[in-house]
Every structure is written in structure tokens, then in C-alpha cells.
2 protein chains.
Amino acid sequence: MSDAESPIPGATVARLVDYLAVLTRLADAGVSKVSSNELAEAAGANPAQLRKDLSHLGSYGTRGVGYDVSYLQIQLDQHLGAGLDLPVVIVGVGNLGRALVNHTGFSSRGFKVVGLVDADPALTGEQVEGLTIVGDAGLETLIARTGATIAVITTPAEVAQQVTDRLVASGIIGILNFAPTALSVPSNVTVRKVDLGSELQILAYHCRVPGSKDSLLSAWNEQSNELAGADPL
Amino acid sequence: MSDAESPIPGATVARLVDYLAVLTRLADAGVSKVSSNELAEAAGANPAQLRKDLSHLGSYGTRGVGYDVSYLQIQLDQHLGAGLDLPVVIVGVGNLGRALVNHTGFSSRGFKVVGLVDADPALTGEQVEGLTIVGDAGLETLIARTGATIAVITTPAEVAQQVTDRLVASGIIGILNFAPTALSVPSNVTVRKVDLGSELQILAYHCRVPGSKDSLLSAWNEQSNELAGADPL
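Residues numbered from 1 in each chain as written. Chains lettered and ligands numbered in written order. Predicted model: local features only at pLDDT ≥ 70, side-chain atom pairs only at ≥ 80, totals over all residues. Heavy atoms only, no water.

As recorded by an unreviewed UniProt entry, chain A carries the name Redox-sensing transcriptional repressor Rex and is attributed to Naumannella halotolerans. Per UniProt, chain A carries the Function (unreviewed entry) text "Modulates transcription in response to changes in cellular NADH/NAD(+) redox state." In the Subcellular location (unreviewed entry) part of its UniProt record, chain A is described as follows: "Cytoplasm". (UniProt positions renumbered as here; feature names shortened; annotations may be inferred.)

Take the environment of Ala-27 of chain A next. Residues and elements named next belong to chain A. Position of Ala-27 among the secondary structure elements: in helix α1 (residues 10-28). With 43 residues separating them in the primary sequence, Ala-27 and Ser-70 have C-alpha atoms 6.7 Å apart. Ala-27 has contacts with Val-69 and Gln-73, leaving out every residue within four places of it along the chain. (Helix = DSSP H or I, 4+ residues; strand = E, 2+ residues; numbered from the N terminus. Contact = heavy atoms within 4.5 Å.)

Residue and element names in this part refer to chain A. Look at α1 against helix α2 (residues 36-43): their axes get within 9 Å of each other, and the N-to-C directions meet at 110°. Comparing their axes, α2 and α1 come out roughly perpendicular. Every residue of α2 that contacts α1 at Asp-18, Tyr-19, Val-22, Leu-23 and Arg-25 is listed here: Leu-39, Ala-42 and Ala-43. When grouped by side-chain class, the residues that make up the contact of α1 with α2 number six nonpolar, no polar and two charged. (Axes fitted to C-alpha atoms, helices over the stretch in contact; angles between N-to-C directions. Parallel < 35°, antiparallel > 145°, perpendicular 65-115°, else oblique. Nonpolar A, V, L, I, M, F, W, Y, C, P; charged D, E, K, R; others polar.)

All names here are of chain A. Here Asn-177 lies in strand β8 (residues 174-177). Taking relative accessible area as the criterion, Asn-177 reaches 1% and is therefore assigned buried. Among all residues touching Asn-177, those that are not within four sequence positions of it are Ile-153, Leu-183, Val-191, Arg-192, Lys-193 and Val-194. (Buried < 20%, exposed > 50% of the residue type's maximum accessible area, 1.4 Å probe, protein only.)

Peptide bonds are mostly trans, and most non-glycine residues show a negative phi. Residues and elements named next belong to chain A. Backbone geometry at Glu-129 places phi at a positive 50°, although glycine is not the residue there. Take Glu-129: it is sitting in the loop between β5 (127-128) and β6 (131-134). Taking the relative accessible area as the measure of exposure, Glu-129 reaches 53% and is therefore exposed.

Residues Leu-116 and Leu-200 of chain A together with Leu-116 and Leu-200 of chain B are the most contacted members of the largest nonpolar core, which totals 50 residues. The residues contacting Leu-200 of chain B, other than those within four sequence positions of it, are Val-88, Phe-106, Phe-111, Ile-150, Val-152 and Leu-176 of chain A. Formed by 23 residues, the second largest nonpolar core is a distinct cluster that contains Val-13, Leu-39, Ala-43 and Leu-50 of chain A. (Core = buried A, V, L, I, M, F, W, Y, C linked by side-chain atoms within 4.5 Å.)

Before going further, it helps to spend a moment on the sheet that holds strand β4 (residues 111-117) of chain A. All names here are of chain A. Strand order across the open sheet formed by seven strands is β5-β6-β4-β3-β7-β8-β9, with mixed pairing between neighbours. Of all strands in the sheet, those bounded by a partner on one side alone are β5 and β9 (190-193). Relative to β9, β8 is paired through four bridges, and the arrangement is parallel. Along β9, the bridge assignment pairs Ile-175 with Val-191. Sitting on the sheet, helix α7 (residues 139-146) is in contact with β3 (86-91), β4 and β6, with an inclination near 155° to β4. The strands touched by helix α8 (residues 157-169) within the sheet are β3, β7 (150-153) and β8, with β7 carrying the most contacts at an inclination of about 170°. (Pairing = 2+ DSSP bridges.)

Residue and element names in this part refer to chain B. With mixed pairing, the seven strands of this open sheet are ordered in space as β5-β6-β4-β3-β7-β8-β9. Each edge of the open sheet carries a strand with a single partner, namely β5 (127-128) and β9 (190-193). Each of β3 (86-91), β4 (111-118) and β6 (131-135) is contacted by helix α7 (residues 139-146), which is oriented at about 160° to β4, the strand it contacts most. Helix-sheet contacts for helix α8 (residues 157-169) involve β3, β7 (150-153) and β8 (174-177), and the interaxial angle to β7 is about 170°.

Another point: the pairing of β6 of chain B. All names here are of chain B. The two faces of β6 differ: Leu-131, Ile-133 and Gly-135 on one face are buried, but Thr-132 and Val-134 on the other face are not. Note that β5 and β6 share two bridges and pair antiparallel. Bridge pairing in β6 places Val-128 opposite Leu-131. In sequence, β5 turns back onto β6 through a hairpin of two residues, with Glu-129 there showing a positive phi of about 50°.

Residues and elements named next belong to chain A. Summing up the model confidence of chain A, the mean pLDDT is 81 and the portion of residues at 70 or higher is 83%. When the criterion is pLDDT under 50, residues 1-5 qualifies, and its contacts beyond four places in sequence or with other chains add up to 10 contacts. Model confidence for the complex: the whole-complex pTM is 0.71, and ipTM, which rates the interface, is 0.70. (pLDDT = per-residue confidence, 0-100.)

Printed below as a string of C-alpha cells:
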């Protein structure tokens, strides 16, 4: 299969999102053209990988000129489904839940938090950023009323699976899971786990090999060359 | 260079952390052996990639038997520097900062939050999880006293760079950045950006193609046709 026909590998989607974030910053700064080297560096990828990733969109840039920032931004927006204003419910309104309610990165990427659920009766009825916290029993009604298809789980690990089962039964097809536990869902439901501890662990690893960017890059290139023939990640 | 000698590519490190998380769950469940297929699937990687990733550690498993869970867990722990109890300071004690202070994923992965800083005078002196919030002016002293080399930034975007400059000047070499802005640092300092909005965007992308390569495939074909007529970049 050619890149244009094959589904985009998950690791590539993650990088496309990073490229889009960089392009948005460049566009805001009034930059109209960007080279693959510049874009790759700003996104923490390498140029060979970036060109391979963008080839999934049929974008190849122009040698010596690079990519048109606005055009590539629009292509990525369309592919990643930004600007859809997708309704999202947050289950678990502790510190993390509250931090996410008004997360600018949500609205700027086409998401709208439309509902909050927390099992603590003391929180029921509390207003957070213009939303009223609903009690545990109101979860199904809230999802039906808001038409949310995506949920963010910031509950304790012990109740996350039970919450997940109710979300799935209510029609949620995408779950961003911050609870430190693995969730089992039907094959039509997508779960993305955010593990803040692992982010710190990855950072710490790189701190232990400081200034090895050059060798890291060469390792990358070796890898992407080998991967040219291999299955997409 | 052989894989064992070369620095591990960034994308591989991220997957190694995922493998370790799965192995830890398996060990807790009393599982002693795991096949590359099982481990790869649980970590959301593919078997070929997993075998290549683990080859960086010199771990090749045994055909037909798979990997020894405990042994591989120890190898990954050592490579990723877990169990070091690295001191971490958190700058910005809003909802997100508070959510991170007692994040179980931090301690379980060898990190210890040793200090909290917030510019809001109203918060100075407040106790959070046994730590006393230090005012903005106390940042340098705190880092010197705790010997922290890693910092987590959860400040507003506007002040993140200024905070970063002071952290770097104080000897911080690793920064986990939650502020929605790019940070510039010297080459000896590692920054890892956590963009919660992008996590949601990646999830949404996968939701739009719920496990079905077909709908994605047709999306590709439509898009390739459009691009056939599009102006070259």
C-alpha cells in the first residue's frame, strides 16, 4: 500500500498534532513558509520523519521553499478534526478535573466541556466555570442531554472501570483516562491513557543523557531508514 | 554503533516506559512470562517494534517462551532510572499543581516532590501534602536547599519563560512543562511539554475512525482525489 492509502499509524497522529501546534504558533507569528527542518525541530521530530509523516496527507512541500504554513495548517485541521466543538464531559471534579474544565488547550482544539460529574454529594450543585456539578446518579442523563461522545476520567483508580462501563453504555466512544489504571472497553470505544508519572520518567531519562541530540538524531535517522520498509508503528 | 551502545531514540524511550507500566501490572497480577505479542498489544505498540525497542536493552526474549516479566521489569527500571527518588519542585500551585503534588505516579516512578512555589502571596505559607508553599522570591533558595534538578511548571503561559530562566540559572536540568507555550532553554537542559489539549485531539482523531480501517481508507481516497486537483505547495 502507498502511504496515501494506508491508515495513519498512531505514533504519526501524535506527531501530526505536534506539527499542527507548531504551525498554529507560526501562523500567529505571521510566518507563511516553514522548512521541514524548522518544523521538525520545533516539533521535536526529525526532518526525515516529518516528511514521511506529512506524506500521509499527500503533503510534500517544495524543495528549497518548504511548506506553506496556512495550507498545511488547514490540511492538518481537517485531518485531525479540529474546529468541531465536540462536547466533552469530565467525570471526577477534583484538582485535576477542575484544572481541565477551563483548559485553553481544549477549546482551542475544538472541544467544549459541557458537563461535570462527581460522586461526592458535597460537590453536587457546585458551579465550576459556569457548569453545575452533577451527582453520580445523573451521569447517564447528563450524557443524553449534552450529546457528549467523549469523556475525561479523573476519578480514583478504584472506580474508573465502573464509571467507564456506564459511560460506554451511555454512548461515549472516546475516553481520556487520567486514572492510574487500565480500562477495558468494547472494540468500538477508544481509550487514551494519560500517565503524568510516565511523562516525568521520560524526561528524567533524557536528563541522564544530556546534550546527546546529535547522536539521538542519527539514531532516529537510522531507525526511520530501517522503518521505511517495516510495518507502520 | 550497535543498538546496545547507541543512545535510545526518544520515541523508543516513551514506549519503554509504556512497556514498564504494563510489566508492573503483570507482575502485580502474578504473571511471570509474557510474549512479545501480548506485551506489545497491552502497550499499544506492535510486536516487531517492541522486539526492536527491547533490543536497545540487549533483551531478546526466548522464541516460544517470551520475556521473563520480573527480569525485563528490572532491566527497564535500571535503564529508565526508576527508584532514584529524584527531587522535584513544582512551580505554580493552582489546581493542576495541586493535582500533581500527591500524584501516585510520581512516587511510584522514583520521584519525590520536595518543594512548591507560587507567585500568589495569598498562597505563601500554605501547607499542601506536608509541603509549605514558597513565594516567588524563594525559588532559588528552595532549589539550592532541596537539590532539585527537575522542575514541573504549571504557571500561566505569560510567566513560564521567565520562571524557566530562573530555574535553569538555579541548576534545574529537566523541565516538565504544562504551560501552553514553548520554552527556550540551553542545550544542556531538557524540556518535555505536556499538552493535555493534544491528548484529547489525538483521542478524537481515533474516535472518528473507530477501529475501522475502511472508513479511514475511504477518507484517504477522497482526500487524495481532492489533492490531485489542489495547487502544488
